[in-house]
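# Remarks on the overall topology
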Amino acid sequence: MELSWPMKLRIAAAVAVGVILIGFAALPLAAPAEPFGVVSVLAGDMTTRGAVILVAVAFVTGIIAYFLSWPHGRQIGILAVPAGLSIWALRYGSMADLVRVNSTSVQRLALFDALKWEPLFWLGIVAAGFGGVLMGQKLRAVPQPEKNRQESNSKSNKYLNIIIALVGSVLIAQFCIRVFAQDVKMFDVRLGSVVAQPSVGQIVFAVLVSFGIAAFVVKEFLDVSYIWPVVSSALVTGFVIMIYIRQDVVQQLVERQPVVFFSNAVVSILPVQMVAFGTLGSIVGYWLAIRYNYLRKHA
């Protein structure tokens, strides 16, 4: 199951259209005004009008990516939008820059309370791109093979697997990110330890690998789509904020630690970074699981 050159070119084309249309052409919709500003819906400079336009651009990007990567547009086209968002995630400021302008404990609590919902917006942008892929498939009118319905694969089992996949992906991804997103650690008498803002390269590596592992595991053991690890990329931030960001924790950080230190490495990752790289990692992990099973059967 090695990738052929035509397949590699289709993947490159899908990624390129996302980078061009989302990463650069749509950049003015979300570009921060300040040099060290961040790309954020709730804490940045994106307007409601800009958000609506971005949804439309993502939808069109998905359609174009589908046709550029045809006849495998359904499998490859979804890469376009997260690839474009990853340019935004790489280019601008970090969570530390956002926290720096919210210096009091009250401001930081309000900031994190807002940010725990923001990943759902970025997931919506990815979903708009996938909607464009489905529209391209419909325009092309490609017949889909009928699935054999078996009693063992009942609706109840299917829904249970989806729930387990979502919960498992969230738990696996947040655990692995805490392991991989490493930077300077300092001892804290109340929190045990705090971690400095990871570099953007460290964030890319940690999120890609963590969601790749999560998608591989749920595909291998539950045989579910990459869709559910992708959805979980919008849930990890909120889960960690609700579990770990408390008033006493934030107060300790404000009073005792420099602004670039966090109680949890996951909190140091912006929502757009989590969803963009989490989506790409989930897709890669899913296909690695398929390749692994193929090699195991035919080796």
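Residues numbered from 1 in each chain as written. Predicted model: local features only at pLDDT ≥ 70, side-chain atom pairs only at ≥ 80, totals over all residues. Heavy atoms only, no water.

What follows concerns the overall build of the protein chain. If you tally the helices and strands in the protein chain, you get 13 helices and three strands. Compactness check: the protein chain gives a C-alpha radius of gyration of 20 Å against a globular reference of 19 Å for 299 residues, within 12% of the reference. Reported as C-alpha extents along the three principal axes, the dimensions of the protein chain are approximately 60 × 40 × 35 Å. Of all 299 residues assigned to the protein chain, the portion counted as buried reaches 47%. (Helix = DSSP H or I, 4+ residues; strand = E, 2+ residues; numbered from the N terminus. Rg over C-alpha atoms; globule rule 2.2 N^0.38 Å. Buried < 20%, exposed > 50% of the residue type's maximum accessible area, 1.4 Å probe, protein only.)

Okay, unusual backbone geometry next. Phi is mostly negative for residues that are not glycine, and the peptide bonds are mostly trans. Here the amide bond leading from Trp70 into Pro71 is cis, since omega sits at 10 degrees, within 30 degrees of zero. Position of Pro71 relative to the elements: it lies in the loop between α2 (48-68) and α3 (73-76). Unusually for a residue other than glycine, Asp223 sits at a positive phi of about 55 degrees. Looking at where Asp223 falls in the secondary structure, it is placed in the loop between α9 (200-222) and α10 (227-232).

With that settled, consider the sheet that holds strand β3 (residues 261-262). Read across the open sheet, the three strands follow the order β1-β2-β3; overall the sheet is antiparallel. In this open sheet, the two edge strands, each paired with only one partner strand, are β1 (185-188) and β3. Note that β1 and strand β2 (residues 192-196) share four bridges and pair antiparallel. Opposite Lys185, over in β2, you have Val195 as the bridge partner. (Pairing = 2+ DSSP bridges.)

Before going further, it helps to spend a moment on the side chain of Arg108. Inspection of the secondary structure puts Arg108 in helix α6 (residues 105-115). Among all residues touching Arg108, those that are not within four sequence positions of it are Val99, Asn102, Ser103, Val250, Leu253, Val254 and Val259. (Contact = heavy atoms within 4.5 Å.)

Glancing now at the nonpolar core. Leu85, Trp88, Phe112 and Trp122 are the most contacted members of the largest nonpolar core, which has 53 residues in total. Residues within four places of Trp122 in sequence aside, it is in contact with Val39, Ser40, Val41, Met46, Leu54, Leu85, Trp88, Pro271, Val272 and Val275. Core analysis: the next-biggest nonpolar cluster, separate from the first, contains 19 residues, Ala14, Ala80, Phe130 and Ile283 among them. (Core = buried A, V, L, I, M, F, W, Y, C linked by side-chain atoms within 4.5 Å.)

On to the packing of aromatic side chains, then. Any aromatic ring pair is given by two values, namely how distant the centres are and how the planes are angled relative to each other. According to the stated counting rule, one finds seven aromatic pairs in the structure shown. Here Phe121 and Trp122 contribute two aromatic rings whose centre-to-centre distance is 5.0 Å and whose plane-to-plane angle is 75 degrees, an arrangement assigned as edge-to-face. Ring centres 5.2 Å apart and planes at 85 degrees place the aromatic pair Tyr286 and Trp287 in the edge-to-face group. Classification of Trp287 as partly exposed rests on a relative accessible area of 33%. Three or more aromatic residues joined by ring pairs make a cluster, and in this case those are Trp88, Phe121 and Trp122. The ring of Trp5 carries Lys8 above its face, with NZ or CZ at 4.7 Å from the centroid. It is Arg140 that lies over the ring of Trp70; its NZ or CZ is 3.8 Å from the centre. (Phe/Tyr/Trp six-rings, centres within 6.5 Å; stacked < 30°, edge-to-face > 60°. Lys NZ or Arg CZ within 6 Å of the ring centre and 35° of its normal.)

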